Amino acid sequence: MGQVVATAERVVHAPAERVHAALADYAGTRQRIAGPQFSEYRVESGGQGAGTRVHWKLAATEKRVRDQVISVSELPDAGGLVESDANSSMVTTWTVRPAGPDSSTVGVRTTWQGAGGIGGFFERTFAPKGLRRLYDGMLERLDADLT
């Protein structure tokens, strides 16, 4: 087994505080920007930032659907969020950095322990590209939602 890593980054045309608040809004903004790969989305507790628990099914591909129960925590510097899946080793970290007075750089990094053998090779090769496309779409929708 090896660690699989998927990343994406984009400039969003809104101040960092506003972007962070939108990303932390699991009851509103996050559901709006999630995209068609996320189904059965529901907030189980909280809804705003740390302490939130949310469920969704993530269709990474047509054949690979992950049933996820996500617990949200804040990064110590309040510059981002950590989403940990109770059903797997998947952890997604969202970071927000100022990129000017009215813009921010948003980064997303997902890691998990992948399969071994030939299946693991294909997972490490193709899964990051699929997740990057998924996150690029989310970040594009976030930018549109905030501008």
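Look a little higher up for the structure.
Residues numbered from 1 in each chain as written. Predicted model: local features only at pLDDT ≥ 70, side-chain atom pairs only at ≥ 80, totals over all residues. Heavy atoms only, no water.

### Some thoughts on the environment of serine 39
(1) Moving on: Among the structural elements, serine 39 can be located in strand β2 (residues 38-45).
(2) Moving on: For serine 39, a relative accessible area of 33% corresponds to the partly exposed category.
(3) Moving on: Separated by 16 residues in the primary sequence, serine 39 and histidine 55 place their C-alpha atoms 9.1 Å from one another. (Helix = DSSP H or I, 4+ residues; strand = E, 2+ residues; numbered from the N terminus. Buried < 20%, exposed > 50% of the residue type's maximum accessible area, 1.4 Å probe, protein only.)

### Thoughts on unusual backbone geometry
(1) Moving on: Non-glycine residue glutamate 40 carries a positive phi angle of around 50°.
(2) Moving on: By the secondary structure assignment, glutamate 40 is in strand β2.
(3) Moving on: A residue is classified by how much of its surface remains accessible, and glutamate 40, at 48% relative accessible area, is partly exposed.

### Observations regarding the side chain of threonine 29
(1) Moving on: Looking at the element boundaries, threonine 29 is found in helix α2 (residues 29-33).
(2) Moving on: For threonine 29, a relative accessible area of 5% gives the class buried.
(3) Moving on: When near neighbours in sequence (up to four residues on either side) are disregarded, threonine 29 contacts Ala22, Leu142 and Asp145. (Contact = heavy atoms within 4.5 Å.)

### Examining the pairing of strand β5 (residues 80-85)
(1) Moving on: When you tally the buried positions in β5, you get five out of six residues, the bulk of the element.
(2) Moving on: With five bridges joining them, strand β4 (residues 65-74) and β5 adopt antiparallel strand pairing. From the neighbouring strand, valine 72 faces β5, where its bridge partner is glutamate 83.
(3) Moving on: Pairing analysis gives five bridges linking β5 to strand β6 (residues 91-100), with the strands arranged antiparallel. Bridge assignment links valine 82 to a residue of β6, and that residue is threonine 93.
(4) Moving on: Between β5 and β6, which pair antiparallel and follow one another directly, the connecting turn spans five residues. (Pairing = 2+ DSSP bridges.)

### As for the sheet that holds β5
(1) Moving on: The strand order β1-β7-β6-β5-β4-β3-β2 describes an open sheet built from seven strands, whose pairing is antiparallel. Of all strands in the sheet, those with a lone pairing partner are β1 (3-12) and β2, marking the two edges. Taking the axes of each pair of neighbouring strands and ignoring which way they run, one obtains an average angle of 20° across the sheet. (Axes fitted to C-alpha atoms, helices over the stretch in contact; angles between N-to-C directions.)

### Here's the deal with the environment of threonine 105
(1) Moving on: Examined against the element boundaries, threonine 105 turns out to sit in strand β7 (residues 103-113).
(2) Moving on: On a C-alpha basis, the gap between threonine 105 and valine 12 in space is 6.2 Å, while along the polypeptide they are 93 residues apart.
(3) Moving on: Beyond its immediate sequence surroundings of up to four residues, threonine 105 is in contact with Glu9, Arg10, Val11, Thr95, Val96, Arg97 and Ala99.

### Examining the pattern of salt bridges
(1) Moving on: A complete count under the given rule lists seven salt bridges for this structure.
(2) Moving on: Residues glutamate 44 and arginine 42 are paired through a salt bridge, measuring 3.4 Å at the closest nitrogen-oxygen approach.
(3) Moving on: Note on arginine 42: relative accessible area 41%, which makes it partly exposed.
(4) Moving on: In this structure, the salt-bridge partner of arginine 53 is glutamate 44, at a minimum N-O distance of 3.2 Å.
(5) Moving on: Several salt bridges converge on common partners, so that one network encompasses Arg42, Glu44 and Arg53. (Salt bridge = Lys/Arg side-chain N within 4 Å of Asp/Glu carboxyl O.)

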